[in-house]
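# Structural characterization, general
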Amino acid sequence: RIYAYKGALDIPMRGTRGRDLRAMRSIDEALTIQDDHLFIEDVDCVALANRFGTPLFVVSEDQLRRNARAFVRAFEDRWREGPVRILPSIKANHALALRHILTDEGMGCDTFGASELAAALRGGVPPDLISVNGSGKTAALIGDAVAAGARITIDAARELPLVEEAAHRLGKRATVRLRLRPDLSELSEPTDFSGDEISVAEATRSYKAGIPTDDVIALGRKAISSDDVDLSGIHVHLPRHRPETGIYHHMIRALVELLAELRREWDGWVPREIDLGGGFAVRRDPTGRLLPRLAHRTELAPTIGDYAEAITSSLRSELDRHDIPVDGLALEVEPGRSLYGNAGIHLARVVNVKREALPKPQRWVESDTTEMFLPDSLIEHNRWNVVVATRPDAGPIGPADIVGISCGFDVVVPSEPLPELDEGDVLAFLDTGAYQDASASNFNALPRPATVLVHGGEAELIKRAETIDDVFGRDMIPARLVAASASKEF
Ligand SMILES: *Cc1c(COP(=O)(O)O)cnc(C)c1O
């Protein structure tokens, strides 16, 4: 049976607490099949569905910690020139309990906007390990960031005077970095984000992020000579356009070429830190696989070690080629999906199975979740790997569309080979720990699901489900409308 986009991950069985290893098969480090049920760590997913209800997001604390440690180890082993800092992107999952776990693992944070800065600070992130990224920063956000002592990654020339003003007012020196827009014209392969064959180069060119290169020379000079700011480094981020590591080689070559030019313009300025963003794929990589063009891509994405190897070796050789000193240079990365993704699964229950024979055989597995709770089905054309938690070993009898409860087409997974299923069966959608809860919506006035954290054999609620009262909690009905509708006769 096939799990890693339809091919089992070959991961050695981890040590378990006295269980019969022969009765247990592993899907990955967190997921196993035991007693004919799907388990996450030492917890039966069917028991989770019974106890907490469905739909339900479930996150493995142990897997999140393993991923965090894998990032630290992979980059620290390969970057000896200076410190390594991992700044997980909180937009992938802003559950505060998860942020506390990452803080405990010593991780910094990539934030976007005032509420993510608040999430990072509430999650205990040391301010000097926060990068306040993003375009269109308000003066208030910049003021909060400077007051907290967070680093600000400047996205446009407009932001520098706002930082200087806040620093001056608060009597502080603000640390800033510059988000650059290197020339990525070489990246001519299509981005996985689009069904049309738009190149990565074109997609990045039209993406708003970063300081236009025409502005950056003057801006950097001002920052370097300013008493109110300390220009510590540079930043670049490519989202997950394609899974292969080669993309980072091109990105780093273009970045360092731009850096070399800036260094000449800025009297030999050298960055103390280089932040290379995120965009690393999850291993089973669901992104784009609903697109006909990518439906047949079956290989696993690179490992964290593969990404670390490509990044550190390219960075070292490009800096060397341009004679840019690297001694003490801090390397930062901002994983989002690759850190949270495979730590999470989403559980749903089968409500009904509906069939139609003519004009074309059709089987709909009606579940109690929706693409509105797994929105990357729509946004990034994700095709989720599915395990039937109640009968993981049952053989497929043919394809079925797993559909959801919203009024749209709401095909959560199309044409999935599935066994005979009944009302009450539990489905698990894998690799849903990043971005799904964070971008779920209340379409159809649906209350969003709870999140449960699993640690060994324990399970705790870390985010309660919304109630119908929550859904209508922001509504305000003017008294005259209440009175009018109450007195209306039908
Ligand atoms: C979204 C984002 C990330 C994380 O992206 P992933 O594809 O989830 O790894 C990192 N850095 C910045 C600036 C981002 O906007």
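Residues numbered from 1 in each chain as written. Predicted model: local features only at pLDDT ≥ 70, side-chain atom pairs only at ≥ 80, totals over all residues. Heavy atoms only, no water.

### What about the overall build of the protein chain?
Spelled out, the test is: In this description a helix means any DSSP run of H or I spanning at least four residues, a strand means any run of E spanning at least two, and both kinds are numbered starting from the N terminus. Just to be clear, the radius of gyration here is over C-alpha atoms, and the globule rule we use is 2.2 Å times residues to the power 0.38. For each residue, the accessible area found with a 1.4 Å probe, counting protein chains only, is set against the maximum for its type, and the residue is called buried under 20%, exposed over 50%, and partly exposed in between.
The secondary structure content of the protein chain amounts to 15 helices and 21 strands. Taking 490 residues into account, the globule formula puts the C-alpha radius of gyration at 23 Å, and the protein chain, at 24 Å, falls close to it. Projected onto its principal axes, the C-alpha coordinates of the protein chain cover approximately 75 × 70 × 50 Å. Here the protein chain holds 490 residues, and the buried ones make up 55% of them.

### With respect to the sheet that holds strand β12 (residues 273-275)
Rules: The rule for pairing is simple: two strands pair if DSSP sees at least two bridges between them. Each axis is a line fitted through C-alpha atoms, and for a helix only the stretch in contact is used; angles between axes span 0 to 180 degrees, taken between their N-to-C directions.
The eight strands lie next to each other as β6-β13-β12-β11-β10-β9-β8-β7, forming an open sheet whose pairing is parallel. This sheet does not close on itself; its edge strands, each paired only once, are β6 (84-86) and β7 (109-112). Across this sheet, the average inter-strand angle for adjacent strands is 30°, counted without regard to direction. Sheet analysis places strand β11 (residues 229-235) next to β12, joined by three bridges and oriented parallel.

### Some thoughts on the side chain of E371
Spelled out, the test is: Charge assignment: positive for Lys and Arg, negative for Asp and Glu; neither His nor the chain ends contribute. We define a salt bridge as a contact between a side-chain nitrogen of Lys or Arg and a carboxyl oxygen of Asp or Glu at a distance within 4 Å. When checking whether two residues touch, look at their non-hydrogen atoms; a contact exists if any pair is within 4.5 Å.
Inspection of the secondary structure puts E371 in the loop between β15 (362-367) and α12 (376-379). Despite its burial, E371 pairs with no opposite charge; the closest candidate is R383, at 12 Å N-O. Beyond its immediate sequence surroundings of up to four residues, E371 is in contact with S377, L378, D410, V411 and V412.

### Considering the environment of G336
Along the polypeptide, G336 turns up in the loop between β13 (330-333) and α11 (337-340). Separated by 22 residues in the primary sequence, G336 and L358 have C-alpha atoms spaced 45 Å apart. Among residues more than four places away in sequence, those in contact with G336 are S89, A92, G341, A434 and Y435.

### Quick notes on the pattern of salt bridges
Scanning the entire structure with this criterion turns up 38 salt bridges. Linking E318 and R321 is a salt bridge whose minimum nitrogen-to-oxygen distance equals 2.8 Å. Linking E318 with R321, this pair stays in helix α10 (residues 304-321), spanning three residues, or about one helical turn. With relative accessibility at 5%, the residue E318 sits in the buried group.

### Here we look at the side chain of D431
Definition in use: The term polar contact refers here to a pair of N or O atoms within 3.5 Å; inside protein, the definition further demands a hydrogen-donor-capable atom paired with an acceptor-capable atom, and it admits residues adjacent in sequence only when both atoms are side-chain atoms.
Topologically, D431 is positioned in the loop between β19 (426-430) and α13 (436-439). Looking at D431, its side chain comes within polar contact range of the side chain of R284, at 2.9 Å. Here D431 is in contact with V282, R284, G341, N342, G344, W384 and N385, once residues within four sequence places are set aside.

### Looking at the site of the ligand
To be explicit about the condition: Think of it this way: one heavy atom of a residue within 4 Å of a molecule or strand is enough to make that residue near it. Here the accessible surface of atoms and residues is derived via Shrake-Rupley with a 1.4 Å probe, and residues count as covered only by protein chains that are part of the display. As a working rule, the residues Ala, Val, Leu, Ile, Met, Phe, Trp, Tyr, Cys and Pro are called nonpolar, Asp, Glu, Lys and Arg charged, and the rest polar, with Gly in that last group.
Around the ligand, the structure places 15 residues, and the nearest of them are K91, G279, E334, R337 and Y435. Interatomic distance of 2.7 Å between a side-chain N/O atom of K91 and an oxygen atom of the ligand. Y435 has a polar side-chain atom sitting 2.5 Å from an oxygen atom of the ligand. Burial of the ligand by the surrounding chains reaches 95%, relative to a free accessible area of 390 Å². Residue classes in the shell around the ligand are distributed as three nonpolar, seven polar and five charged.

### What to know about the environment of E197
Mapped onto the elements, E197 comes out in the loop between β10 (174-179) and α7 (200-206). E197 gets classed as exposed once you look at its relative accessible area, which sits at 60%. Separated by 96 residues in the primary sequence, E197 and R293 place their C-alpha atoms 9.2 Å from one another. Leave out the neighbours within four places in its chain, and E197 touches P190 and R293.

### A word on unusual backbone geometry
With an omega of -5°, the peptide bond between T54 and P55 qualifies as cis. With respect to the helices and strands, P55 occurs in the loop between α1 (45-52) and β5 (56-60). Note that the residue after L358, namely P359, is joined by a cis bond; omega there is 0°. As for its placement among the helices and strands, P359 is situated in the loop between β14 (344-356) and β15. Phi is positive for H381, close to 55°, though the residue is something other than glycine. Counting through the fold element by element, H381 comes out in the loop between α12 and β16 (386-388). Phi at D410 is positive, roughly 45°, even though this residue is not glycine. Counting through the fold element by element, D410 comes out in the loop between β17 (398-403) and β18 (411-418). Among the residues examined, D410 registers a relative accessible area of 0% and is labelled buried.

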